[in-house]
Each structure stands twice: as structure tokens, then as C-alpha cells.
Amino acid sequence: MAKRRLRTGPTAAMRTRPSRDELLRIVRLADPEARADGDDIVAADVRVHAPEQAETDLVGGELDRVWACRVSAEGPLPFDYFDRFLAEGIAFRLGGLAVCRGEVSDPADEGRGGPAVIVPEKPTDLSPLEPGEEEFVFEADGIRAVVVPQKEGPPAVQEIVPFATELTAIELRGEDQAKLGALALELADRLNGVPVDRWRFRIEAAGDLLPPE
């Protein structure tokens, strides 16, 4: 049954066992109010179970050793796929793989999205980007930004929600993740927003979007 739960996931699988403090630090990027609960971590009614050693076939032999953290919802999710995003974001930061419904994925694979900036009101100026041919789209130098209204913010941005008049996400896309990260930080500073990665974890530097060496 335990193996089945790991395969069903969402599960973050790493080569080395992370400490609880390290896991808590990472999960707090997704939910600043995340807390330790025994050996587990709880974030917005989602439990990140303590790492347990697993067989390498959990990830199809892609890792020579496997420590797995299963993620399970214990209440309503703050937004769709929050539990899966937690597993993938943890795996990305620890150089691991994600398992969900028996499928193994590498969160570090390119072409799976980019960062976003969550802002408290709809922006009109995204310079150095210029308005594109489509409404709510801005472009420049290989970067595309799409302005998307948000019904509610992820836990990582709850600090701006009480002051929001029109909560909005600026979704950034392009080939150069470091360049996207630098722009996300710039826009966040100018628009009083919060920069987050594709899994809605807060970022503090452009390098946070790059997989660990």
C-alpha cells in the first residue's frame, strides 16, 4: 500500500534525503505559513510527508538511490494542482524527479513554462515590453508576457491579497530562464508584486529558476 501511494503521488523523489529544516525552508517559498508537524510539513491543508527510502523502480531506475516525499491534500486546495505543484517544486530544488499517477517527470526539463509576477492591480505598462498584436499580450526581445486575471492568489502571495483591487498574474515566457527571472524581479519591484516560478514558489533571484548544479 505504501508503494502504491508513492506511485500515485504526487511524490517528490530525490537521490539524497533532505532534512526537515531544508524541506520546511523550501515549502515556505510556496506557503510562508507552512509549519512542521512532527516529521511532516503542512502547508495550506496539504501534508508533505517525511522522506522515506524507496526502490529505484519508483522513478524507472533514473536515480541510483531514492528518497521519496509523498504530498497529500487534507482539505480544499488553495488552487488547482497545488499538491502536484508542491511535489514538483520540491523535486526541482533538490535535483530530483516528480511522480504522479505512475508517471515520472523531470521538473528541470525546459519548455515547461516560466515565472510569473502576481500584482495587486491590472498593469498597463510592462516596459521594457511593448504591447503585442493580441490584447493583454506584451512582447520584446524573445520574451512574451500575458496578463491574466486571478480569482485568488496562491499562498505565496497572500500578503498582497488584502490590498488587491484586481489581482493579476503576469505570465512570462521565453527561452532564457535567467532573463525571465531578472524581468520578473524588476516588474515585481516596480508594480508592488510578488515574483513566483511556474509552481508558484516565490523566487528571490533570477538563478532560482535554474536547476541546481
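Residues numbered from 1 in each chain as written. Predicted model: local features only at pLDDT ≥ 70, side-chain atom pairs only at ≥ 80, totals over all residues. Heavy atoms only, no water.

Trainee: Would you take a moment to explain the environment of G132 for this structure?
Mentor: Within the element layout of this structure, G132 appears in the loop between β10 (130–131) and β11 (137–140). Using a relative accessible area of 24% as the deciding quantity, one classes G132 as partly exposed. Once the C-alpha coordinates of G132 and D197 are considered, the two residues, 65 residues apart in sequence, prove to be 23 Å apart. (Helix = DSSP H or I, 4+ residues; strand = E, 2+ residues; numbered from the N terminus. Buried < 20%, exposed > 50% of the residue type's maximum accessible area, 1.4 Å probe, protein only.)

Trainee: What's the story with the pairing of strand β1 (residues 11–14) in this structure? I'm lost.
Mentor: It is a general feature of regular strands that their side chains alternate between the two faces of the sheet. Both faces of β1 are covered, namely the face carrying T11 and A13 and the face carrying A12 and M14. With four bridges joining them, β1 and strand β6 (residues 66–73) adopt antiparallel strand pairing. Looking at β6, one finds that M14 is bridged to W67. Note: β1 against strand β7 (residues 97–100), three bridges, orientation antiparallel. Bridge assignment links A12 to a residue of β7, and that residue is A98. (Pairing = 2+ DSSP bridges.)

Trainee: Looking at this structure, how should I read helix α3 (residues 82–93)?
Mentor: Quick reminder: α-helices carry 3.6 residues per turn. Residues three or four places apart thus point the same way. For α3, which comprises twelve residues, the first-to-last C-alpha distance of 16 Å matches the rise-based estimate of 16 Å (1.5 Å per residue) to within 8%. The element α3 is extensively covered by neighbouring structure, given that ten of its twelve residues are classed as buried. Taken as a whole, α3 has its buried residues at F82, D83, L86, A87, E88, G89, I90, A91, F92 and R93. At the exit of α3 stands G95, carrying a positive phi of roughly 65°. (Expected span 1.5 Å × (residues − 1).)

Trainee: Hey, could you run me through the sheet that holds β10 in this one?
Mentor: Through backbone hydrogen bonds, the strands of a sheet pair up, either in parallel or in antiparallel fashion. What the six strands build is an open sheet, ordered β10-β11-β12-β13-β9-β14; its pairing is antiparallel. The open sheet has two free edges, formed respectively by β10 and β14 (194–196), since each of these has just one partner strand. Both β11 and strand β12 (residues 143–149) contribute to a ladder of four bridges, which runs antiparallel. Looking at β12, one finds that A140 is bridged to I143. Contacts from helix α4 (residues 177–191) reach β9 (116–119), β12, β13 (168–173) and β14 within the one sheet, and its direction differs from that of β13 by about 155°. (Contact = heavy atoms within 4.5 Å. Axes fitted to C-alpha atoms, helices over the stretch in contact; angles between N-to-C directions.)

Trainee: Just checking my understanding: could you explain the layout of surface pockets for this structure?
Mentor: Summary: where empty space remains is shown by rolling a probe the size of a single water molecule over the atoms. Taken as a whole, the second largest pocket holds about 170 Å³ of empty space. Lining of the second largest pocket is provided by R25, L29, F92, R93, R202, E204, G207, D208, L210, P211 and P212. Looking at the lining of the second largest pocket, the elements with two or more residues in it are α2 (20–30) and α3. Taken together, the residues that form the lining of the second largest pocket break down as five nonpolar, one polar and five charged. (1 Å grid on protein atoms, 1.4 Å probe; cavity = no way out; pocket = protein on both sides within 12 Å on 5 of 7 lines; lining within 4 Å. Points joined across faces, edges and corners; volume = space filled by probe spheres on them. Nonpolar A, V, L, I, M, F, W, Y, C, P; charged D, E, K, R; others polar.)

Trainee: Please explain empty space enclosed by the protein as it appears in this structure.
Mentor: For the structure on display, the rule yields one cavity of 30 Å³ or more. Estimates place the volume of the largest cavity at around 30 Å³. F92, G114, P115, Q177, D197, R198, W199 and L209 are the residues that line the largest cavity.

Trainee: Even after reading the chapter, I still don't get the packing of aromatic side chains, so can you show me in this structure?
Mentor: The geometry of two aromatic rings is summed up by the distance between their centres and the angle between their planes. Using the criterion set out here, one finds three aromatic pairs in the structure. With centroids separated by 5.0 Å and ring planes inclined at 45°, the aromatic side chains of F92 and W199 adopt a geometry described as tilted. In this pair, F92 sits in helix α3 while W199 sits in the segment after β14, placing the two residues 107 residues apart along the sequence. When sorted by exposure, F92 lands in the same class as W199, which is buried. Taken together, F79, F82 and F85 form an aromatic cluster joined through their ring pairs. (Phe/Tyr/Trp six-rings, centres within 6.5 Å; stacked < 30°, edge-to-face > 60°.)

Trainee: I'm lost on α2 in this one. Help?
Mentor: Looking only at α2, the buried set comprises L23, L24, I26, V27, L29 and A30. Its buried side turned inward, α2 meets β2 (35–37), β3 (40–43), β4 (46–48), β6 and α3.

Trainee: Please explain the pattern of salt bridges as it appears in this structure.
Mentor: Side chains bearing opposite charge may pair, as long as their charged atoms lie close to each other. A full pass over the atoms with the stated rule returns 13 salt bridges. Between D37 and R47 there is a salt bridge, and its shortest N-O distance comes to 2.9 Å. Residue D37 is located in strand β2, and its partner R47 is located in strand β4; the two are separated by ten residues in the primary sequence. Judged by its relative accessible area of 31%, D37 is partly exposed. (Salt bridge = Lys/Arg side-chain N within 4 Å of Asp/Glu carboxyl O.)

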